[in-house]
Protein chains: 2
Amino acid sequence: MRSRRRSSPALDTKPLGPLKNPFPPYCPFSEDWVAHIHEQAVIVLRDLGIRVLLDEARALFKAGGARVEEDMVFLDPDGVREALANAPSSFMLKGAGPDRHVPIGPRSLMFQPGAGAPNATDLTRGRRPGSAQDFRELVQICEAFDVLQSAPPIVEPQDIPPAFRHLDMTDIMLRHSSKVPVVYARGRGQVLDCFDMIRCFRGLEEGAFAADPHCYTVINTNSPRQLDVPMAQGLIDFARAGQLSVITPFTLMGAMAPITVAGALTLSHAEALAAITLTQLAKPGAPVLYGTFTSNVHMRSGSPAFGTPEHFQASAGAGQLARHIGLPWRSATGTAANLSDAQGAHETQMGLWGCLMGGANAVFHAAGWLEGGLSVSYEKLVTDTEVLTMMAQLCQPLEESPANLGLDSLAEVSPGGHFFETQHTLDRYRTAFYEPLVFETQNFEAWEEAGSQDIRSRATRVWQDILSHPKDLGHDSAKLDELSAFTSKRRGEGGAEPLS
Amino acid sequence: MRSRRRSSPALDTKPLGPLKNPFPPYCPFSEDWVAHIHEQAVIVLRDLGIRVLLDEARALFKAGGARVEEDMVFLDPDGVREALANAPSSFMLKGAGPDRHVPIGPRSLMFQPGAGAPNATDLTRGRRPGSAQDFRELVQICEAFDVLQSAPPIVEPQDIPPAFRHLDMTDIMLRHSSKVPVVYARGRGQVLDCFDMIRCFRGLEEGAFAADPHCYTVINTNSPRQLDVPMAQGLIDFARAGQLSVITPFTLMGAMAPITVAGALTLSHAEALAAITLTQLAKPGAPVLYGTFTSNVHMRSGSPAFGTPEHFQASAGAGQLARHIGLPWRSATGTAANLSDAQGAHETQMGLWGCLMGGANAVFHAAGWLEGGLSVSYEKLVTDTEVLTMMAQLCQPLEESPANLGLDSLAEVSPGGHFFETQHTLDRYRTAFYEPLVFETQNFEAWEEAGSQDIRSRATRVWQDILSHPKDLGHDSAKLDELSAFTSKRRGEGGAEPLS
């Protein structure tokens, strides 16, 4: 019925605005059991302790009342309680402009595409180690989709030397994305470079930068019960700069964590509490996201699995723990599939629902991941984004009005007739329904005649179309020159080697 | 870690037992708005009426207090209320034996594979008009999966003459499935034949057959506001025989129904109420499932779409209406995809979640459907069933005990260590996690070396394996002979032509 044929309908939508999760939480645990897991995690930190490899972090813990023995830190339950009281329950993540700011707080919802993949893959060029070109392309593709609300390190650009990588990645993010950039915590040198670049490019004074988070990092503990040097330093540096740490133990049940959902969440919760405590000791009130990523291994192969029933239950249970401690919560989906096929789709959506029904404020790895994060697929990025945009549509409340109900149209159409031409339909048909990006409704014969394209081919057209018409972000050319100059200068100075 | 390699792990599981939906309902409408939609639907039936093409049905409506003018029936609101009070809120659907009985009632959950497809398709033989062989094979495949709890007419066996089709289909269902059979309401002659076959094969006296539903039919109204001859007759015949009518207006928003979710549900609800009223006039207390299937058309092509945000909202809203009238509820998922690809997976799972979060007691078309039901895919049947089995796993509550929590294992493993060999893991690794049927976790290199099989190839192996080792259902040979004799006799008598 529409006359205008658009190649990529989702691409000319208006910004979606802040999303609120409309789904009631699914609670696999009783409230008593959630409280018990929290208490046990606090006791684990007090009695078993956590190994902290950075001297500076141990000194902060000690000053905060923890007992330190060699590299082991045993936390005082009161110190943990105090940290939880100091960490903010809501804040505003800032992008390039107001329509790219992301409010974080009760019922808020954001999506981050898959991040950290060593490999990139697409239907036309195959699977290869990630490169700077892949990273730039993927940032540009993500920029075209409003529902992806931050610019993470989607793929690892392995062709850039490690000491310069943070510079080039941040340069690409700022140049090609208006969204909240994500910075790796691979050592103070790199982190401070990235803060400088973001502050200058966004035109922020020190005070304005520190007043709100303008970027975030993901802190993975080394489960079980260990915090390494770059992660501990990242927690301190981000907290002191007022920037956001997303604290995410990666606890695979049966491998780095106990084999049960409750056991793995107890460990994950303990590690997150320790890291949150460190941020609040470095700077009370520093923004944090309580993060979990608890899934299971496949017991025959020992490989990680995602989008499983256990992953789903762990997400929902972690959501209960997040609400118990009153902090915003980051969760994640994923898939072990090697192809963007039905397995990849099912697992990714299953994992996504675990996050949504757990009440996640941020769903990471929500688009593009394959192989449990070892590759990012251009086509899957597009296809998964279709699903996320559908979720964003479900965040819009239904209108409850007589006009919407349209009883007149019921009277207008005779038994056995149709509603195509009622005024109620004509008034609404352009906007009544979600307009799909790559999901098609052609009948079999028409589809066969048009070449029997599967969704991967249609998704290929979409991302190629985006790259051939890149968005003009309207950057000031002096700003871009300044950014280049900074990168060149720091490259000339040798950059900053990653810490390990 | 497992030594035993099974080709089809899900196939040797124990029966899952009755499923209870663990998810809290998502309510897109306020309670007031739900009550308003219900009231408006009652008023639609009173003032606009419904066209009923069967004399016998109009006579029943008239005797029950409705106003009848030519073929239009205008229902008395009190009559509708009385019917709702008489329809049971729970009952037991009976299969071949106790482990195949399906309790229907508050929070109960059952899955039915896709039904009614004119075409069958698989990777090895391609797409073709459905045949008796396809139907038999699909019934056998479904029999292997406990999570599929009834035996519907999955595909239309177009190579059987219409007057004999009901005989051969029921023969195949009874011979190759232990589950609740589904019967088409294509006229009294066919229906009574099928009742006879089921009663005799299950060894039931008239009274025992009538005491519980031993089969069901799906009644689609001809939206908007029309009930045709075979459907009306089916409602009467199933009610009088104590068998189950699943009353399902198929209301595509913007086509056979108003373009808004609330408008389409008002129409769907009105039609369902009229049909429910007819069953209760035919026999008070007859079992019914309040059914809905409300999705949208794609406004550019006019084709039906499934698994869309609007389909999801309509399912969740219909669930609210079902709870408002206190009846068990049948919903459905689906996809418009032409292939068992990522679109097919995403749409089917999205639609499934709409049903689950709406609180559906029966999810129809939950596995195998492609092309909005115009074909059934052997591979998709297997893949979707994997997801349903995961859902069944999520219906099992998590154990809340110190042993399950496993704090000892946390103490046992040093920082940075692993849990593979703790006693807590060793005690549980065989059963801790859902064991997938076709979802694989092989890493990319191993997967590539093994031939880069996508999930459709793996699913092909599964269904071929099932067909090459068909289950022995332990039927008495005299019963099978009796079944054959009945079919031959009725074929000799000319069968029964379908009513239209």
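Predicted, not measured: the structure shown is a model, and the values here were computed from it.

### Examining the overall build of chain A
Consideration 1: When helices and strands are counted, chain A shows 18 helices and 22 strands.
Consideration 2: Over its C-alpha atoms chain A spans a radius of gyration of 24 Å, differing by no more than 12% from the 23 Å that the globule rule assigns to 500 residues.
Consideration 3: Along the longest, intermediate and shortest principal axes, the C-alpha atoms of chain A span 80 × 60 × 45 Å.
Consideration 4: The 500 residues of chain A split such that 64% are buried.
Consideration 5: In chain A, 75% of the contacts between residues at least 6 apart in sequence involve partners at least 24 apart.
Consideration 6: Positive and negative charge centroids in chain A, built from 43 and 57 side chains respectively, lie 2 Å apart.

### Some thoughts on the pattern of salt bridges
Consideration 1: In the structure shown here, the tally under the stated rule is 61 salt bridges over all chains.
Consideration 2: The partner of D193(B) in a salt bridge is R490(B), with the nearest N and O atoms 2.7 Å apart. Taken together, the residues D193(B) in helix 6 (residues 188–201) and R490(B) in helix 18 (residues 477–492) connect sequence positions 297 residues apart.
Consideration 3: Each member of the salt-bridge network shares a partner with another, and the members are D122(A), R125(A), R128(A), D134(A) and E137(A).

### Examining the interface of chain B and chain A
Consideration 1: Facing 117 residues of chain B, the contacting portion of chain A comprises 117 residues.
Consideration 2: For the pairing of chain B and chain A, the buried interface totals around 10,000 Å² over both sides, and the portion due to carbon and sulfur atoms is 67%.
Consideration 3: When residues of chain B are sorted by the area they lose upon contact with chain A, R300(B), H346(B) and F433(B) head the list and together hold 9% of the total.
Consideration 4: Joining chain B to chain A, the criterion identifies 4 salt bridges.
Consideration 5: In this structure, R300(A) engages E435(B) in a salt bridge whose closest nitrogen and oxygen atoms are separated by 2.5 Å.
Consideration 6: Where chain B touches chain A, the interface holds 36 residue pairs in polar contact (both at pLDDT 80 or more).
Consideration 7: For the side of chain B that touches chain A, the class distribution of residues is 61 nonpolar, 37 polar and 19 charged.

### Observations concerning the sheet that holds strand 12 (residues 216–219) of chain A
Residues and elements named next belong to chain A.
Consideration 1: Overall, mixed pairing links the 7 strands, which are arranged 1-7-20-19-16-14-12 in an open sheet. Each of the sheet's edge strands pairs with one partner strand only, and the pair in question is strand 1 (19–20) and strand 12.
Consideration 2: With 2 bridges joining them, strand 16 (residues 288–291) and strand 19 (residues 329–332) adopt parallel strand pairing. Within the sheet, the bridge partner assigned to G291 lies in strand 19 and is R330.
Consideration 3: Sitting on the sheet, helix 8 (residues 229–240) is in contact with strand 12 and strand 14 (244–247), with an inclination near 150° to strand 12.
Consideration 4: Contacts from helix 11 (residues 342–358) reach strand 7 (108–111), strand 19 and strand 20 (362–364), with the element oriented near 160° to strand 19.

### Quick notes on the nonpolar core
Consideration 1: In terms of nonpolar packing, the biggest core is built from 244 residues, with F111(A), W353(A), F111(B) and W353(B) touching the most fellow members.
Consideration 2: Setting aside anything within four residues of it in sequence, one finds F111(B) in contact with L19(B), V147(B), L148(B), Q149(B), S150(B), L352(B), L356(B), V363(B), A366(B), L388(B) and M391(B).

### Topic: empty space enclosed by the protein
Consideration 1: As enumerated under the stated definition, the model contains 9 cavities of 30 Å³ or more in all.
Consideration 2: A volume near 150 Å³ is recorded for the largest cavity.
Consideration 3: For the largest cavity, the lining is made up of 19 residues, of which N296(A), H298(A), T308(A), Y434(B) and P436(B) are closest to its centre.
Consideration 4: Counting only elements with at least two residues in the lining of the largest cavity, the list comes to strand 17 (293–297) and helix 11 of chain A.
Consideration 5: Classifying every residue of the lining of the largest cavity by side-chain character gives 9 nonpolar, 5 polar and 5 charged.

### Things to note about the confidence of the model for chain A
Residues and elements named next belong to chain A.
Consideration 1: Taken over all residues, the pLDDT of chain A has a mean of 95, while the share at 70 or more is 97%.
Consideration 2: Here residues 1–10 scores under 50 on pLDDT; set against residues more than four positions off or in separate chains, the count is 24 contacts.
Consideration 3: In the predicted assembly, ipTM is 0.96 and pTM is 0.97.

### Some remarks on the pairing of strand 14 of chain A
All names here are of chain A.
Consideration 1: Residues L244 and V246 of strand 14 are buried on one face, and the alternating residues S245 and I247, pointing to the opposite face, are buried as well.
Consideration 2: Strand direction decides the pairing type here: strand 12 and strand 14, joined by 4 bridges, are parallel. Along strand 14, the bridge assignment pairs T217 with S245.
Consideration 3: Pairing of strand 14 with strand 16 involves 3 bridges; the strand directions are parallel. The partner of V246 across the bridge, within strand 16, is L289.

### Quick notes on the relation of the copies chain B and chain A
What connects the two chain copies is a rotation about an axis and a shift along it.
Consideration 1: Superposing chain B onto chain A takes a rotation of 180° combined with a translation of 0.0 Å along the rotation axis, leaving an RMSD of 0.0 Å. Taken together, the rotation and translation describe the operation of a two-fold axis. In terms of C-alpha distance to the rotation axis, chain B has A342(B) as its closest residue, with the C-alpha 2.3 Å off the axis.
Consideration 2: Looking at chain B, 100% of its interface residues are interface residues in chain A too, so the copies touch through the same face.

About the criteria used
- Residues numbered from 1 in each chain as written.
- Chains lettered and ligands numbered in written order.
- Predicted model: local features only at pLDDT ≥ 70, side-chain atom pairs only at ≥ 80, totals over all residues.
- Heavy atoms only, no water.
- Helix = DSSP H or I, 4+ residues; strand = E, 2+ residues; numbered from the N terminus.
- Rg over C-alpha atoms; globule rule 2.2 N^0.38 Å.
- Buried < 20%, exposed > 50% of the residue type's maximum accessible area, 1.4 Å probe, protein only.
- Contact = heavy atoms within 4.5 Å.
- Lys, Arg positive; Asp, Glu negative; His and termini not counted.
- Charge placed at Lys NZ, Arg CZ, Asp CG, Glu CD.
- Salt bridge = Lys/Arg side-chain N within 4 Å of Asp/Glu carboxyl O.
- Buried area = accessible area lost by both parts, 1.4 Å probe.
- Polar contact = N/O pair within 3.5 Å; in protein donor to acceptor, adjacent residues only side chain to side chain.
- Nonpolar A, V, L, I, M, F, W, Y, C, P; charged D, E, K, R; others polar.
- Pairing = 2+ DSSP bridges.
- Axes fitted to C-alpha atoms, helices over the stretch in contact; angles between N-to-C directions.
- Core = buried A, V, L, I, M, F, W, Y, C linked by side-chain atoms within 4.5 Å.
- 1 Å grid on protein atoms, 1.4 Å probe; cavity = no way out; pocket = protein on both sides within 12 Å on 5 of 7 lines; lining within 4 Å.
- Points joined across faces, edges and corners; volume = space filled by probe spheres on them.
- pLDDT = per-residue confidence, 0-100.
- Least-squares fit on C-alpha atoms with pLDDT ≥ 70 in both.

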